[in-house]
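# Commentary on secondary and tertiary structure
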Amino acid sequence: MQWPWRRRKVVVVVVLRKLLTCAICVIALMGLLSVRVHVFPSSKVSDLTDPYKLPTVTQQHELNYQKLSAEKKWTQELTPPHLSKEQAPPHLSKAPLSSHKLNGANGSLDFEKLWKQPSNRDFVPCVQPGSNYTAPDESRGYLLVHTNGGLNQMRAGICDMVAVARIMNATLVVPELDKRSFWQDTSNFSDVFDEDHFINALANDVNVIKKLPKDLSSATKVVMHFRSWSGLEYYRDEIASLWEEFQVIRAAKSDSRLANNHLPPDIQKLRCRACYEALRFSPKIEAMGKLLVDRMRAYGPFIALHLRYEKDMLAFSGCTHGLSDVEAEELRTIRENTAYWKIKDINATEQRSRGYCPLTPTEVGIFLTGLGYPSNTPIYIAAGEIYGGDTHMADLRSRYPILMSKEKLASVEELEPFTNHASQMAALDYIVSVESDVFIPSYSGNMARAVEGHRRFLGHRKTISPDRKALVRLFDKIEKGLLMEGRKVSNRISEIHKKLQGSPRSRRGPVSGTKGMDRFRSEEAFYVNPLPDCLCKRVSGNVNASTASMR
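All of the points below concern the structure found in this document. Remember, predicted model here, so these are calculated numbers, not experimental data.

### Re helix α17 (residues 422–435)
Here α17 contains 14 residues, and its C-alpha end-to-end distance of 20 Å stays within 8% of the 20 Å for a straight helix at 1.5 Å per residue. Counted residue by residue, α17 has 12 buried out of 14 residues, so it is predominantly covered. The complete set of buried residues in α17 reads Ser 423, Gln 424, Met 425, Ala 427, Leu 428, Asp 429, Tyr 430, Ile 431, Val 432, Ser 433, Val 434 and Glu 435.

### Observations regarding the pattern of salt bridges
Counted under the stated rule, the structure contains 28 salt bridges. A salt bridge links Glu 414 to Arg 295, with the nearest nitrogen and oxygen atoms 3.2 Å apart. Within this pair, whereas Glu 414 is found in helix α16 (residues 412–415), its partner Arg 295 is found in helix α9 (residues 283–297), the two being separated by 119 residues in sequence. Among the residues examined, Glu 414 registers a relative accessible area of 5% and is labelled buried. Looking at Arg 295, the relative accessible area reads 1%, which means it is buried.

### Let's talk about the environment of Glu 195
You can see Glu 195 is positioned in helix α6 (residues 195–201). On the accessibility criterion, Glu 195 (17% relative accessible area) is buried. Residues Glu 195 and Val 174 lie 21 residues apart in sequence; the distance between their C-alpha atoms is 8.0 Å. Here Glu 195 is in contact with Val 174, Phe 189, Ser 190 and Lys 210, once residues within four sequence places are set aside.

### Considering unusual backbone geometry
For residues that are not glycine, phi is negative in most cases, and the peptide bond is trans in most cases. Following Leu 531, the chain continues to Pro 532 via a peptide bond in cis, the omega torsion being 20 degrees. As for its placement among the helices and strands, Pro 532 is situated in the loop between α21 (516–521) and β13 (535–537). A positive phi angle, near 70 degrees, is found at Asn 420, a position not held by glycine. One can find Asn 420 in the loop between α16 and α17. In this structure, His 460 is a non-glycine residue whose phi angle is positive, near 60 degrees. For His 460, the position within the fold is in the loop between α18 (446–457) and α19 (468–479).

### Observations concerning the packing of helix α13 (residues 361–371) against helix α14 (residues 390–399)
In the contact formed by α13 and α14, the axes pass within 7 Å of each other and the chain directions differ by 20 degrees. In terms of axis orientation, α13 runs roughly parallel to α14. Here α13 runs over α14; the crossing is left-handed. Between α13, through Pro 361, Thr 362, Val 364, Gly 365, Ile 366 and Thr 369, and α14, the contact on the second element is made entirely by His 392, Met 393, Asp 395, Leu 396 and Arg 399. Counted by class, the contact of α13 with α14 contains 5 nonpolar, 4 polar and 2 charged residues.

### Let's talk about the packing of aromatic side chains
The tally for this structure, following the rule as stated, stands at 12 aromatic pairs. Note on Phe 316 and Trp 341: the rings are 5.3 Å apart at their centroids and 75 degrees apart in plane angle, and the pair reads as edge-to-face. Taken together, the residues Phe 316 in helix α10 (residues 311–317) and Trp 341 in the loop between α11 (325–337) and α12 (348–353) connect sequence positions 25 residues apart. Overall, Phe 316 belongs to the partly exposed group, its relative accessible area being 43%. Here the aromatic residues Phe 189, Phe 193, Phe 198, Phe 281 and Tyr 430 are joined through ring pairs into a cluster of three or more. Cation over ring: Arg 271 sits above Phe 526, and NZ or CZ is 4.2 Å from the ring centre.

### Focus on the side chain of His 146
Positionally, His 146 belongs in the loop between β4 (141–145) and α4 (151–168). Side chain to side chain, His 146 and Arg 180 meet in a polar contact 3.5 Å long. Excluding anything up to four places from it in sequence, His 146 contacts Glu 176, Asp 178, Arg 180, Arg 250, Ala 251, Ala 252, Lys 253 and Ser 254.

### Remarks on the sheet that holds strand β5 (residues 170–173)
Pairing is parallel across the open sheet formed by 5 strands, whose spatial order is β6-β5-β4-β8-β7. Because the sheet does not close on itself, it has two edges, and the strands there are β6 (208–209) and β7 (221–224). The strands touched by α4 within the sheet are β4, β5 and β8 (248–251), with β5 carrying the most contacts at an inclination of about 155 degrees.

Basis of the calculations
Residues numbered from 1 in each chain as written. Predicted model: local features only at pLDDT ≥ 70, side-chain atom pairs only at ≥ 80, totals over all residues. Heavy atoms only, no water. Helix = DSSP H or I, 4+ residues; strand = E, 2+ residues; numbered from the N terminus. Expected span 1.5 Å × (residues − 1). Buried < 20%, exposed > 50% of the residue type's maximum accessible area, 1.4 Å probe, protein only. Salt bridge = Lys/Arg side-chain N within 4 Å of Asp/Glu carboxyl O. Contact = heavy atoms within 4.5 Å. Axes fitted to C-alpha atoms, helices over the stretch in contact; angles between N-to-C directions. Parallel < 35°, antiparallel > 145°, perpendicular 65-115°, else oblique. Left-handed = near helix turned anticlockwise from the far one by under 90°. Nonpolar A, V, L, I, M, F, W, Y, C, P; charged D, E, K, R; others polar. Phe/Tyr/Trp six-rings, centres within 6.5 Å; stacked < 30°, edge-to-face > 60°. Lys NZ or Arg CZ within 6 Å of the ring centre and 35° of its normal. Polar contact = N/O pair within 3.5 Å; in protein donor to acceptor, adjacent residues only side chain to side chain. Pairing = 2+ DSSP bridges.

Right, here's the structure in full:
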């Protein structure tokens, strides 16, 4: 008589188990789907209204780019507007970063820890001249400048020449850009920079004109190689004395011609006004740069990675780790045939062990993983063509599939005005790098130093500078199988870089014991760190016009 009851009891238990199992599956599925649901950022993209940010483009400047504003809002898309979902790279069909907890090598790392900016300790720009600063004195002559190097080397040189013109009471003719360097860029000043803004912004500091007056075009000019890292007396006395004989002085080079330190405060502040206020990119570059920033923002907080793994850098530095014999020989030949590169015979192993080589893409992947950034971190590659292309990028891409670049974020048609102009393409990378949530350079070249300095000026934005010498020792152990990636490596990498994230500090002076030119070479460059000359502690109730506008 008890069997039917027991049978009913068994059936009820089985049904309840199935219901419970289904409920668990549904909950698990909902949890899984919630990770993939993207909460898009506000359609209000980060505005660049801060006077010391890369300036916002006005409507007039954007007339040539109306087709860009006609696009569907980037924040409503998962793929760039010029790519169909079938054409888009596989990783672009995935939802961008959205979780507040990111799983890194150290386990569950808090979102805030990865993206939190270092404290600026109340340091704000203070670049206004002193009370005794006057308008430019009567011009004694004209200063012609031939800049040299890539974009950021030229930028620093131009700003220095503004200060030199002030010291010498000279009229500065808008500088000529380097067209003979490795990049063979034919861009003129007005192609890269906003020429009218440059002239007007410096009106109270230096007389600047676009071209030498016609009546002086045939005048005798003295061509000078200004002495490197020279101070006030050199330009005010020795060089300025040339005005007695010549009306036009031509500077053959502009890089590193002015001392980093021990110049009058007003001259140092002028250098910062020239760099961060006057030297604005041309309207078309700023329009495209802002568009690239907006599109990266759609993926959430992002890293700008200056991956200096380019043919010119590897050839110049002699760094061949991870390359084939054929690739190493190609780089050696380039170095041998580039006349103005003085050092030809380089020991690649020694270079790398001393931290003088850019990190390889594979090493960058290990580094980012060690810092705790998860695989779904959006990364903007700020670089030219990576040497070896996909072959050398494969490992980094396998770790971080959301690797973006200007070529992926914009269509061929959008980039066409800038293509084949290295300085203009570099300017686009510069804008995205300055505006990124985190900036990481694989090498401390001119671009890395310029971006670091600009980010320091803007409030000490997070900039992680890899300690390459220390990292190489870890990478070698991993490569030899003596050390495995994991918690131990991650803890070590994080510890090494705890204080290398862009916090305020004074500019470093010369290395102890160095003398002569080596002493100047060992100093931290002025545009890498404008503190203390152009950054001051905020003082309540006594804030000048420069500081009042800062966040």
